[in-house]
Structure formats: structure tokens, C-alpha cells
Amino acid sequence: MKKSIKIALALLLASNVAMASDQFSMSEADKAMYAEMLENNPADIMIESGSELLEANVGGNAGLAKFLKVSEDELPKMIASFPRYMEEFKMVVGLDQMLQGAMSANGHKPFTLKSKEMFEMSSYVKSIANGEPMSIDIHANKHMEEAYALGEKTFAQKRGGRGLSCMSCHSPDAIGMLLRTQGLPDLGAPETKAAATWPAYRMTKSALTTLQKRFQGCMENALLAVIPLGSKEMVGLEVYVTEKSKGHTIAIPGLKR
Amino acid sequence: MSKRKAIIKIKPNKYANGEVVKVNLMVMHPMETGMRKDKETKATIPAHYINNVKFVYNGKVITTMNVWESLSTNPVFTTYMKIDGEGELSVTFTDNTGEVNEKSIKITPKG
Amino acid sequence: MQRREFFKKLGVAAAAGAVLPSLALSNEAAAPKPKGPNELSYKDAVNAITGGKKVVNSPLVHLKAPEIAENGAVVPVTVEVDSPMTENDYVKAIHIFATKNNNTRCIDVHLTPANGKAMFATRIKLGGTQEVAALVELSNGTFLVATQSVKVTIGGCG
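Because the structure is predicted, anything quoted here is derived from the model rather than measured.

Undergrad: An account of the overall build of chain B is needed here, citing residue identities and associated values.
TA: Along chain B, the regular secondary structure elements total zero helices and seven strands. In chain B, the order of α-helices and β-strands from amino to carboxyl end is β-β-β-β-β-β-β. Within chain B, the fraction of its 111 residues that count as buried is 50%. In chain B, 56% of the contacts between residues at least 6 apart in sequence involve partners at least 24 apart. Put simply, chain B shows about 5,300 Å² of open surface, and 50% of that area lies on carbon and sulfur atoms.

As C-alpha cells, then:
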């Protein structure tokens, strides 16, 4: 008697789970429809604005190449190697912080890291490297090694009331499980290309969002104290996740739920 | 005329006379429904949406649209048109506040 | 006792199973909201266009929308109609409706033979799980319709 009840219950639970996954994982046709939307990515307009902002504040691609001490031809490869250590800043920086420096050098007050203008300009700058493979070098120097190590640590650090870390959802154990219809992405998998497709247009927010800003959204929803943009830990996280996409082709802007 | 940001894209990039091409229009617009509340002030955000779009190709109206607030923020409109000579495709879009914008693209058929 | 416990558990399990599908419907269950400036039901909106003329379900109208929308804010919708698009035989208009939104009208697209192809695509907002409808008016005055049900979920995390 006891045993049969257990079996009945197990079957009931199993059928519930199966039903949930049948109904709530997206079909291939649906996924294809969302993929097609890339052809018309509203972020293209924002990237166009970013190009105008770079022109006005840094002297366009030529001004940026000069600031980075490379030729304009070498600019895409240079951009594809970010985040990287820069002697001028004495630290590892992402494109946004590098651009703050470039604005200063051109006599302009830098945009804040969280400003719409900075999102647009840094997204445009990353799009200059479209078609290039991500070429971050975490062994370039001890600063990069430290940033990577800090990022790796931060990724695994359990925090907040629920004791969650990035790993809770993005470890090999969790990857592929469904979180409200969405497969949890493997941040290093070729189909995710995480760092290569951020900045992206977030459809739920109707806004251009950078990788660091996305990390913040994740932290907020998982009830973790939000790490500031551009902080050592945040840049470390970007370095860590970027290393996972190393070699993948940059395609900016992405289009995400 | 105000200058709301918009992009018109013709696909494929190269096309010949007589060919039917895809026309993509994207506009930066909040498309407010008039039903959302401001999180802080709790005041209702007034409706603000594109209500009309008109496609004119070399002086001829080829497509018109009545638009409502149910279209997504930063809306996308994809239609088709038959290439019929060199010239211009001009798109005029107005919103419910009376704002009028125009965006155009050169049409240059090859061969 | 065992039996009662079993039913208790059964109740819990059934409730857990029900949570996910009801999420999508939560908007409808919420307190009545202002219905917006352009409230119009699907039936009234269709009648305003057709003047009460017969509307036929037709395989000539291909309506494509996701069965499961990963968010309600941006739902891709494509309508294609099999039509030669000549002066004598073309699609005059494609109307898209979100049948359960307060204002069910999304867009009316008026076409001409110069379009060359009777196809239109856009992205719409859906207030909850519902049917999306495409009403098509042909140049000979007939009305065709196609519908598709779209389940709106709150996908992923934030």
C-alpha cells in the first residue's frame, strides 16, 4: 500500500515536471523566429548615435586609434583584445573606462560609466571589431592574471540572503536547465558567445545593455549586493567571462530577451 | 519636423529594376500605452505612440499604416516593394502628440 | 492517515504544477486597471473594418508568431498572404490584432500592387497569453482571417 502510494506520487510529480518542460521550453521554430529578429536590431540605431558621440568626443576612429597608439587598420584587433592592462591607468580596463580616458585626453568631461551615452559609445567602439575573434590575453602580464583570478573568484563567490553565486546558475551542473522557459546559458559555449554578443539590445528593457550592466541585473535579481560598474571585481568578472568567449567572432550589437 | 532617430534598410543590398525587395524601418520611439505608471510618482505616463506611417516611392504612395500603442517600444516595420526606377523612398511617421518625422533612402537599381 | 497525507501531497503537487501556467495569466487576475485611451474589443474592431461582412478562415493567410513568447514586450509577428499582387488581384490591407489587449488593434497596413509581395512583419506587446489574429482584405472585397495562440511567459531571470 505504502509503496503504491509512493509510486503514484512519483508518477504524478514526474508528469508535472514533464508537462512543465514540454510546455515551457521553446520550440526550434520559435527560437528561429527570435534569431531572425537580429536583422532588425533596434540597437543599430543606438550604435549609430555612439559613432556620432565618438566623433564629437574622441575624434572618431582616427582619434581613438591615436589614443591607443595603433594605426586605424590595427584598431579592430586592438579593440578585440579588451579588457586589457593599460599603463596610463595602471590597471586593467574595459572599453568604457578606456574611453573615459580618451575623452579626457581630448579635453572632454568623460561620460559616467552608467550613462546612456557611454553605453552607446562603448558599444559602437566594440562594433568596430565586428568580425574579429575575441583576443583577450589573460597571461599578458601579472595585472591580467590577477584580474582573471579575481573574476574567477567573484564568479564563484556565494553572496546574499540566498547564498547564490554566478556559479549557481552558470556552472556545468546547472547549464541547460530551464529557468522560466529559458535554458541557462553556458557562458563559454560557442552558441552563447557571451562576451562576443554583448553589448546587446535587451528586449524586456527596450535598451542597449553592456555585459557589466547585465551582470548587475543578474545580481539584483538573485538578491546579491550589486557590484559597481568599472570596479576591480566587475572588470575581473568581465575578464573571466571574456576569456570564456576567446576566439569567438565579435558580433555587436547582440539581441537578447 | 523633429529629428527622431530611424533607420531604413533595403534587403538585399544590391537589386535590379523589377525586383521585389524587403524594406525594413526601425524607429526609436517609446510607444507608451497610456496605462503604465511612473514607479516613483505613481502618475500615469501619458500615451505616446506612433499612429501613422506612410511610404512614398518617387512620389507614389505605396504603403500606409495606422498604428496603435500595442506595437513594441522602438518599433520595427517590414514590408516589400517592387523596384521601379532610380529615385527615393521616403517614409513619414507621425505620433499621437502631433510629432512628424521623415526619413528617406536613395533607390539605385543595378542593371 | 496515510491516505490523507497522500492527498495533501497530491494537492501540493497539483498546485506546484499549476503555478507555471497561471503565471502567464496573472495579468488578467490582477485588479482592474484603467483600460487605456483606445480600448476596443476584437469583435468591435473587426466589425469596424468589415462592416459586418463575412470573414473566412483561410489557408492563404500565413500568420507566424511564437507559440511561446519569451517576453510579452517584444513578440515577433509575420503575416504573408498568397496573392499575385497585380492591379486586378491584390491584398488591400493586413490588420493585426492582439485579441485580449485592452485595445486589440495593433496595426492596419494598407498595401498596393507596388508592394510586389503581400507580406508584413512587426513586433507587438501582449498583455498576457492570447490569440493573435491577422485580418486580410483582398481587392475584391473579401475578408480572410488567420489566428494563432501565443503563450506569454516571463522567461529567465530579470
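Undergrad: For the interface of chain C and chain B, give the residues involved together with the corresponding values.
TA: By convention, interface size is frequently given as the accessible area that disappears when the constituent parts associate. Between chain C and chain B, the contact holds 30 residues from the first and 27 residues from the second. Contact between chain C and chain B buries roughly 2,500 Å² in total, counting both sides, with carbon and sulfur atoms accounting for 51%. For the interface between chain C and chain B, the tally reads zero salt bridges. Our enumeration of links across chain C and chain B arrives at 22 residue pairs in polar contact (both at pLDDT 80 or more). For the side of chain C that touches chain B, the secondary-structure elements that each account for two or more residues are strand 6 (105–110) and strand 7 (119–124) of chain C. For the side of chain C that touches chain B, a count of residues per class yields 14 nonpolar, ten polar and six charged. Note: strand 4 (residues 60–67) of chain B against strand 6 of chain C, four bridges, orientation antiparallel. Note on strand 6 of chain C: the bridge partner recorded for Asn-66 of chain B is Asp-108 of chain C.

Undergrad: Any chance you could break down a positive patch on the surface for me, citing the residues and the numbers?
TA: On the surface, a cluster of positive charge is contributed by Lys-114, Lys-205 and Lys-213 of chain A together with Lys-39 of chain B. If you trace the backbone, Lys-205 of chain A turns up in the loop between strand 5 (200–202) and strand 6 (207–209). Since its relative accessible area comes to 51%, Lys-205 of chain A is described here as exposed.

Undergrad: So what about the pattern of salt bridges? Which residues, and what values?
TA: The tally for this structure, following the rule as stated, stands at 13 salt bridges over all chains. Here Lys-9 of chain B ties to Asp-44 of chain A by a salt bridge, and the two come within 3.4 Å at their closest N and O atoms. With Lys-9 of chain B in strand 1 (residues 6–11) and Asp-44 of chain A in helix 3 (residues 43–58), this residue pair bridges two chains. Asp-44 of chain A gets classed as partly exposed once you look at its relative accessible area, which sits at 23%. One salt bridge connects Lys-69 of chain A with Glu-88 of chain A, and the closest N-O pair in it is separated by 3.0 Å. With Lys-69 of chain A in the loop between helix 4 (60–67) and helix 5 (75–80) and Glu-88 of chain A in the loop between strand 1 (84–86) and strand 2 (91–93), this residue pair connects regions lying 19 residues apart in the sequence.

Undergrad: Provide a residue-level description of the sheet that holds strand 7 (residues 254–256) of chain A, including the pertinent values.
TA: Residue and element names in this part refer to chain A. Here three strands make up an open sheet; going across it, the order is 6-5-7 and the pairing mixed. Taken across any chain shown, the strands that pair with only one partner, and hence form the sheet edges, are strand 6 and strand 7. Taking each pair of neighbouring strands and ignoring which way they run, the sheet shows an average axis angle of 35 degrees. Examined bridge by bridge, strand 5 and strand 6 share three bridges and lie antiparallel to one another. Within strand 6, the position partnered with Tyr-201 by the bridge is Leu-208.

Undergrad: Give me the lowdown on the confidence of the model for chain C, citing residues and values where you can.
TA: Mean pLDDT over chain C works out to 83, with 76% of the residues at or above the 70 mark. For residues 1–29 of chain C, every residue scores under 50 in pLDDT, and the model assigns this stretch 26 contacts once sequence neighbours within four places are set aside.

Undergrad: With reference to specific residues and values, describe the nonpolar core.
TA: Formed by 77 residues in total, the largest nonpolar core has its most connected members in Val-53, Phe-77 and Leu-89 of chain B together with Ile-94 of chain C. Every residue in contact with Val-53 of chain B, bar those within four places of it in the chain, is listed here: Leu-25, Thr-63, Thr-64, Met-65, Val-67, Phe-77, Val-91, Thr-92 and Phe-93 of chain B. If you look at the next biggest cluster of nonpolar residues, it comprises 48 residues, including Phe-67, Tyr-124, Met-134 and Phe-215 of chain A.

Undergrad: Explain the side chain of Arg-123 of chain C to me, and be specific about the residues and the numbers.
TA: One can find Arg-123 of chain C in strand 7. Despite its burial, Arg-123 of chain C pairs with no opposite charge, the nearest such side chain being Glu-39 of chain A at 7.9 Å. At a separation of 3.0 Å, a polar atom in the side chain of Arg-123 of chain C contacts the main-chain carbonyl oxygen of Met-37 of chain A. Within the structure, the side chain of Arg-123 of chain C is placed 2.7 Å from the backbone oxygen of Asn-40 of chain A, a separation counted as a polar contact. Setting aside residues no more than four positions away along its own chain, Arg-123 of chain C makes contact with Met-37, Asn-40 and Pro-42 of chain A, Leu-71, Ser-72 and Val-76 of chain B together with Val-74, Val-75 and Pro-76 of chain C.

Undergrad: Explain the interface of chain B and chain A residue by residue, including any values.
TA: With 14 residues of chain B in contact, the opposing surface of chain A contributes twelve residues. With both chains or domains summed, chain B and chain A bury close to 1,100 Å², and 54% of this area falls on carbon and sulfur atoms. For the interface between chain B and chain A, the tally reads three salt bridges. Glu-52 of chain A is the salt-bridge partner of Lys-5 of chain B, the closest N and O atoms lying 3.0 Å from each other. At the junction of chain B with chain A, the criterion picks out seven residue pairs in polar contact (both at pLDDT 80 or more). Mapped onto the side of chain B that touches chain A, the elements with two or more residues apiece are strand 1, strand 2 (20–27) and strand 5 (76–82) of chain B. Of the residues that constitute the side of chain B that touches chain A, the class distribution is six nonpolar, four polar and four charged.

Undergrad: Describe in detail the side chain of Glu-32 of chain B, supporting the description with residues and values.
TA: In this fold, Glu-32 of chain B is placed in the loop between strand 2 and strand 3 (50–57). Dropping the residues within four chain positions of it, Glu-32 of chain B is found in contact with Ile-45, Pro-46, Ala-47, His-48, Tyr-49 and Glu-69 of chain B.

Undergrad: So what's going on with the environment of Val-92 of chain A? Which residues, and what values?
TA: Residues and elements named next belong to chain A. Tracing the sequence through the fold places Val-92 in strand 2. Along the backbone, Val-92 and His-143 are 51 residues apart, and their C-alpha atoms lie at a distance of 6.7 Å. Ignoring any residue separated from it by four or fewer positions in sequence, one finds Val-92 in contact with Pro-83, Arg-84, Tyr-85, Gln-97, His-143, Met-144, Ala-147, Val-235 and Val-239.

Undergrad: Account for helix 4 of chain A, with residues named and values stated.
TA: Three or more residues of helix 4 of chain A are buried, namely Gly-60, Gly-63, Leu-64, Ala-65 and Phe-67 of chain A. Lys-69 of chain A, located one to two residues past helix 4 of chain A, shows a positive phi value of around 60 degrees.

Undergrad: Please give an account of the pairing of strand 7 of chain C that cites residues and values.
TA: Residues and elements named next belong to chain C. Counting buried positions over the six residues of strand 7 gives six, a clear majority of the element. Along strand 7, one buried face is formed by Met-119, Ala-121 and Arg-123 and the opposite face, lined by Phe-120, Thr-122 and Ile-124, is buried too. Inspection of the sheet shows strand 4 (residues 75–81) paired to strand 7 by six bridges, in the antiparallel sense. If you follow Val-79 over to strand 7, its bridge partner there is Phe-120.

Calculation rules
- Residues numbered from 1 in each chain as written.
- Chains lettered and ligands numbered in written order.
- Predicted model: local features only at pLDDT ≥ 70, side-chain atom pairs only at ≥ 80, totals over all residues.
- Heavy atoms only, no water.
- Helix = DSSP H or I, 4+ residues; strand = E, 2+ residues; numbered from the N terminus.
- Buried < 20%, exposed > 50% of the residue type's maximum accessible area, 1.4 Å probe, protein only.
- Contact = heavy atoms within 4.5 Å.
- Areas by Shrake-Rupley, 256 points an atom, 1.4 Å probe, with all protein chains shown as cover.
- Buried area = accessible area lost by both parts, 1.4 Å probe.
- Salt bridge = Lys/Arg side-chain N within 4 Å of Asp/Glu carboxyl O.
- Polar contact = N/O pair within 3.5 Å; in protein donor to acceptor, adjacent residues only side chain to side chain.
- Nonpolar A, V, L, I, M, F, W, Y, C, P; charged D, E, K, R; others polar.
- Pairing = 2+ DSSP bridges.
- Patch = residues over 30% accessible without salt bridge, like charges linked within 9 Å, V, L, I, M, F, W, Y side chains within 5 Å.
- Lys, Arg positive; Asp, Glu negative; His and termini not counted.
- Charge placed at Lys NZ, Arg CZ, Asp CG, Glu CD.
- Axes fitted to C-alpha atoms, helices over the stretch in contact; angles between N-to-C directions.
- pLDDT = per-residue confidence, 0-100.
- Core = buried A, V, L, I, M, F, W, Y, C linked by side-chain atoms within 4.5 Å.

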